[in-house]
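# Per-entry structural report
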Amino acid sequence: MDQATIIGYAVGYVAAIVAVFLLFLPIIISFGLLMLLAGAVRFVILILKAMTVGFYRSLVRLFRAFAGRLGHGRGGGGLVPH
């Protein structure tokens, strides 16, 4: 087998690899875009959860402050031991 045949086979293999890559390129791009979309959705859900936790904490803080003002009518601060 001479060098020209070996180089011809090598060029054929490289061309076949490039052709297969080009055939699968739309699938690879679609998969990449779906992964980016999934990451964006997870990020939005994370932000919404953080906002919800912050909202609930502020409501609890507001409720405790309001309940604390109502509960301390005559200066008694806490539970009285018996």
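The structure under discussion appears in the preceding block.
To start, this report covers the structure provided alongside it.

What counts and what doesn't
Residues numbered from 1 in each chain as written. Predicted model: local features only at pLDDT ≥ 70, side-chain atom pairs only at ≥ 80, totals over all residues. Heavy atoms only, no water. Helix = DSSP H or I, 4+ residues; strand = E, 2+ residues; numbered from the N terminus. Buried < 20%, exposed > 50% of the residue type's maximum accessible area, 1.4 Å probe, protein only. Areas by Shrake-Rupley, 256 points an atom, 1.4 Å probe, with all protein chains shown as cover. Patch = residues over 30% accessible without salt bridge, like charges linked within 9 Å, V, L, I, M, F, W, Y side chains within 5 Å. Salt bridge = Lys/Arg side-chain N within 4 Å of Asp/Glu carboxyl O. Phe/Tyr/Trp six-rings, centres within 6.5 Å; stacked < 30°, edge-to-face > 60°.

Once that is clear, we can look at the overall build of the chain. Secondary structure assignment for the chain yields one helix and zero strands. Counting only residues that meet the buried cut, the chain has 0% of its 82 residues in that class. Working note: accessible area of the chain is about 7900 Å², and carbon and sulfur atoms make up 76% of it.

It is worth spelling out a nonpolar patch on the surface at this point. Judged by side-chain polarity, Val14, Val18, Val20, Phe21, Leu22, Phe24, Ile27 and Ile28 come together as a nonpolar surface patch covering roughly 760 Å² of accessible area. Here Val20 shows up in helix H1 (residues 3–71).

Summed over the entire model, instances satisfying the criterion amount to one aromatic pair. Ring centres of Phe55 and Tyr56 lie 6.2 Å apart, and the angle between their planes is 45 degrees; this geometry places the pair in the tilted category. Of the two residues, Phe55 and Tyr56, both sit in the exposed class.

By themselves, these figures tell us nothing about what the structure is for.
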